[in-house]
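Examining the three-dimensional arrangement
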Amino acid sequence: MPYENILVERDGPVAVVTLNRPKALNALNEALLGEVERAMHELEADRSVLAVVMTGSGEKAFAAGADISELARLPDAAAATTKAKSGHRVTHAIEHSRLPVIMAINGYALGGGLELAMAGDFRIASQNAKLGQPEVNLGIIAGFGGSQRLPRLVGQGMASYMLLTGEPISADEAKQCNLVEKVVEPGALLDEAKRLAKIIASKGPLAIAATKRAIHKGLQTDLHSALELEAEEFGKVAVSADAKEGTTAFLEKRQAAFKGE
Ligand code: COA
């Protein structure tokens, strides 16, 4: 089935997913969220895809939040909770994918837009990006994970500052508080995101997926249990055909050719 609210393009082993409702600053309506979730599952099933870049269409926005016209029509608390959970399904699909997802923030990443970006493995932003959780301006709270992922990324104080004042921060401020990992000129954003995605795609796919799992699962538990998880992941990956190829290639002073096995 074709996508109507996103674009999915390929550049070798890298898939670029573009949120594509530029007239509404790529606001996340139900249809778009459903398509992002479906795209993540379809890309995951395609073994030739090794990394994903997610960005917004146009020059103004990654995504300016959940679609406010849909929020304004929520009939009751149950429907609102269901809405939050549909956002959680999308962020879950990203976070639990075998595929690393680099978020390329090309302008406003507000509300649900920032929450989507925070589910990625890391974020790079264009110099003109503005990041914020302005939900309180609308009399609501962050519902796609913002009240939980933001404090985990930037610490409680900065998260409270952003979630309680609703004030957006600049790309440089986001870099200072570890909300983004890199800031680049707007024209260089997509190329830089793809460059990093291709570096990741050149590594052993099993090692990349295991690293992602170890990070995300480990963050949910105490250090002792997390180290157990790491040892289990290491145990599986270190005896794979890819590990044999990687170590042999090093000793033979040649480039490794990983197969994801
Ligand atoms: N939901 C639905 N539509 C949105 C939207 C959202 N979250 N954000 C922007 N849009 C729409 C606007 O309604 C406008 O549509 P129109 O041209 O049909 O009137 C269009 O996108 C362009 O937005 P506009 O407000 O005119 O652009 P701007 O440059 O003046 O302001 C923002 C940009 C991002 C500051 C402003 O759009 C904004 O505050 N958006 C809402 C942010 C928000 O609260 N997000 C959290 C939602 S939970």
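Residues numbered from 1 in each chain as written. Predicted model: local features only at pLDDT ≥ 70, side-chain atom pairs only at ≥ 80, totals over all residues. Heavy atoms only, no water.

**Some details on the domain arrangement of the chain**
Formally: An automatic or database domain assignment provides the domain bounds reported here. We call two residues contacting when some pair of their heavy atoms lies within 4.5 Å. Once two parts are brought into contact, the accessible area they lose, counted with a 1.4 Å probe and summed over both, makes up the buried area. By convention in these notes, a salt bridge is any Lys or Arg side-chain nitrogen within 4 Å of a carboxyl oxygen on Asp or Glu. Charged residues are taken to be Asp, Glu, Lys and Arg, nonpolar residues to be Ala, Val, Leu, Ile, Met, Phe, Trp, Tyr, Cys and Pro, and polar residues to be all remaining types, Gly included.
On domain assignment, one finds that the chain holds domain 1 (6-201) and domain 2 (205-251). The centre of domain 1, based on its C-alpha atoms, is set 27 Å off from the matching centre of domain 2. Facing ten residues of domain 1, the contacting portion of domain 2 comprises five residues. Summing both partners gives a buried area of about 640 Å² for domain 1 against domain 2, and 57% of it is carried by carbon and sulfur. When the buried surface of domain 1 facing domain 2 is broken down by residue, Glu95, Arg98 and Asp121 rank first, second and third, together holding 50% of it. Two residues, lysine 212 and aspartate 121, come together in a salt bridge whose shortest N-O distance is 3.0 Å. A per-class count over the side of domain 1 that touches domain 2 returns six nonpolar, one polar and three charged.

**Brief notes about the side chain of lysine 83**
Note the following rule: In this description a helix means any DSSP run of H or I spanning at least four residues, a strand means any run of E spanning at least two, and both kinds are numbered starting from the N terminus. Burial classes: relative accessible area under 20% of the type maximum marks a residue as buried, over 50% as exposed, and values in between as partly exposed (1.4 Å probe, protein chains only).
Inspection of the secondary structure assignment puts lysine 83 in helix α3 (residues 77-95). On the basis of relative accessibility, which here comes to 8%, the residue lysine 83 falls in the buried class. In contact with lysine 83, not counting residues within four places along its chain, are Glu30, Glu70, Leu71, Leu74 and Phe144.

**Details of the nonpolar core**
A general tendency of soluble globular proteins is for nonpolar side chains to be buried together. Defined as follows: The term nonpolar core refers to a set of buried residues drawn from Ala, Val, Leu, Ile, Met, Phe, Trp, Tyr and Cys, joined through side-chain atoms within 4.5 Å.
The biggest cluster of nonpolar side chains holds 46 residues, and the ones touching the most others in it are Leu19, Met54, Phe62, Ile94, Ile105, Leu131 and Leu179. It is helix α1 (residues 30-45) that contributes the most residues to this core, six residues altogether. Leaving out residues up to four positions away in the same chain, leucine 179 has contacts with Leu114, Met118, Arg123, Leu131, Leu150, Leu153, Val154, Met162, Ile169 and Ala174. Within the second largest apolar cluster, 13 residues are counted, among which are Val53, Ile102, Leu196 and Ile200.

**Quick notes on the site of the ligand**
Here is the rule: For each residue, the test is whether any non-hydrogen atom lies within 4 Å of the molecule or strand; if one does, the residue is near. Polar contacts, as used here, are pairs of N or O atoms within 3.5 Å; protein pairs need one atom able to donate a hydrogen and one able to accept it. Residues neighboring in sequence count only if both atoms are side-chain atoms. Each accessible area is a Shrake-Rupley estimate made with a 1.4 Å probe; only the visible protein chains count as cover when residues are assessed.
Around the ligand, 16 residues are found, and the nearest of them are Lys23, Lys60, Ala64, Ala66 and Ile68. Taking lysine 23, its main chain carries an N or O atom lying 3.3 Å from an oxygen atom of the ligand. At a separation of 3.0 Å, a nitrogen atom of the ligand approaches a polar backbone atom of alanine 66. Isolated, the ligand exposes 870 Å² of accessible area, and the fraction of that covered by the protein chains is 55%. Where the shell around the ligand is concerned, the elements lending two or more residues are α2 (68-72) and β6 (108-110). In terms of residue class, the shell around the ligand is built from eleven nonpolar, one polar and four charged.

**Quick word on the pairing of strand β3 (residues 51-56)**
Quick reminder of the rule: Should DSSP find at least two bridges between two strands, the strands are taken to pair. Seen with its strands pointing away from the viewer, a crossover is right-handed when the path leading from the first strand over the helix to the second is clockwise.
Counting buried positions over the six residues of β3 gives six, a clear majority of the element. Neither face of β3 is open: one carries Ala51, Val53 and Thr55, the other Val52, Met54 and Gly56, and all of them are buried. Two strands pair when backbone bridges link them, and strand β2 (residues 14-19) and β3 are joined in this way by six bridges, in the parallel orientation. Paired with alanine 15 across the two strands is valine 52, which belongs to β3. Chirality of the crossover, the property in question, places the unit of β2, α1 and β3 among those that are right-handed. Here three bridges tie β3 to strand β5 (residues 101-105), and the two strands are oriented parallel to one another. For methionine 54, the partnering residue across the bridge sits in β5 and is methionine 103.

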